[in-house]
Amino acid sequence: MRRTLFIFLACVFACLQSFAQNSANLAPTPPMGWNSWNVFQTNINEPLLKSMVDAYVSSGMKDAGYTYFVLDDGWMSMERDANGQLVADPKKFPNGMKEFADYVHSKGLKFGIYNCAGTKTCAGYPGTRGHEYEDARLYASWGVDYLKFDWCYADGENAREAYKTMSLALKATGRPIVFSLCEWGTHQPWLWAKDDGQLWRTTGDIGPAFSTDIKRDGWTALCVLSILDRQDSIRQYAGPGHWNDPDMLEVGNGMTYNEDKSHFTLWCMLAAPLMSGNNLHTMSPQTISILTNKDVIAIDQDPLGVECFKYAMTADSVETLVRPLVNGDLAVCFLNRSDKPQKVDFDWSAHSINDAISKTDADFTKTTYKLRELWSKKEMGTTKRPLKQAIPPHDVIMLRLVKQ
Ligand code: GLA
């Protein structure tokens, strides 16, 4: 009898432990942070990155809710050591990775790192295949809080099994580590990765362009609109603890102010992880104002965790997107996809918004909402009157609708 009770209690304890590490607790809202890839690729080193950590705090990014500081590809030596362990490149990180992780933690941030399910990373550094448990233990010993796990040099591997193995290896460390699957949506991770990780890439790599993809050597970097157009059919798979990841932000990397603003708005409408990817040390006040707009971030971080959907598109290329929020609020974004100024003329009373996923049913003839534009911070009246507003090329009007 005592033995049975002991086994029962042991099982309860194991369940509680696994529950504590369960995905919903690690990312109840989409993770927010910074990643080195979009701006520096493999040209990273300790002094440069420490200056990014410092700027992360002094620029107000940390206060705005960004938490993770993630090193992408290029942090390792080209070979594992004699014991088969990964080592930080001693030229780039002369004090080792634990010291760098401690520096990140000392500023109140969380530390993330990158590797790949294949035999090599995309930039040719040692991959994790066959080393899952030892790599996970190493990361845990450094204090890693987030792992981005890529999909290069993975010929012949089964994606689902490869990501499951790494997920189990991370869980076995006992350290809560956010697991970011980066296999570009090739094997539809939204159908199977919910219990393995907290976010999964849905598409190939983003580039700093709004409406035209960028041809690169042998591959194509996707523009903001191309990525947006590939999200609609998978919105039902995202939710608290498990997010569709349309890739890191390109805000501050060369698009116009309006395009950066729209890109950021759309990612917040999509409940996307917000991983900034720009030089935090040299960013302009405009870039800071975009990345730290608390009202827009609040849309991204809305606890309901429901992604937006495309509600309508007019002939002049103004697209209307709607995101249901907690307490029956709504986020409504008018996006001018064209390169000409357009006019929005939206008579709320002629529309009702229904969404089966969130069970939203907004009938503007019965319920009135107050409108607030989240970039200008202007009150825009209520849904009793049509919204008439000019909208510049590639710009957005981003409204929060609050029930009256
Ligand atoms: C892939 C990923 C990128 C980045 C690079 C690094 O292309 O999708 O986000 O991590 O690898 O080599």
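Residues numbered from 1 in each chain as written. Predicted model: local features only at pLDDT ≥ 70, side-chain atom pairs only at ≥ 80, totals over all residues. Heavy atoms only, no water.

A.B. asks: What should I look at first to understand the state of the cysteines in this one?
C.D. replies: A covalent bond bridging the sulfur atoms of two cysteines is what the word disulfide describes. On inspection of all chains with the given rule, the structure shows 1 disulfide. The disulfide bridge from Cys122 ends at Cys152, spanning 2.0 Å between sulfur atoms. Measuring handedness by torsion sign, the sulfur bridge of Cys122 and Cys152 sits at about 95° and is right-handed. Separated by 30 residues along the polypeptide, Cys122 in the loop between β3 (110-116) and α6 (132-142) and Cys152 in the loop between β4 (146-150) and α7 (159-172) bring together distant segments of the chain. Here Cys116 is not disulfide-linked; the sulfur of Cys122 is the nearest cysteine sulfur, at 4.8 Å. Take Cys268: it sits in no disulfide, and the sulfur closest to it among the cysteines is that of Cys333, at 10 Å. (Disulfide = S-S within 2.5 Å. Helix = DSSP H or I, 4+ residues; strand = E, 2+ residues; numbered from the N terminus.)

A.B. asks: Can you walk me through the sheet that holds strand β12 (residues 318-324) in this structure?
C.D. replies: Backbone hydrogen bonds hold the strands of a sheet together, and the pairing may be parallel or antiparallel. Strand order across the open sheet formed by 6 strands is β11-β12-β13-β20-β17-β18, with antiparallel pairing between neighbours. A strand with exactly one partner marks an edge of an open sheet, and here the two such strands are β11 (309-313) and β18 (379-382). Adjacent strand axes in the sheet meet at a mean angle of 25° when their direction is disregarded. Judged from the 7 bridges that link them, β12 and strand β13 (residues 330-336) form a sheet pairing that is antiparallel. From the neighbouring strand, Leu321 faces β13, where its bridge partner is Cys333. Strand contacts of helix α9 (residues 257-269): β12, β13 and β20 (396-403), with the helix running at about 145° to β13, the strand carrying the most contacts. (Pairing = 2+ DSSP bridges. Axes fitted to C-alpha atoms, helices over the stretch in contact; angles between N-to-C directions. Contact = heavy atoms within 4.5 Å.)

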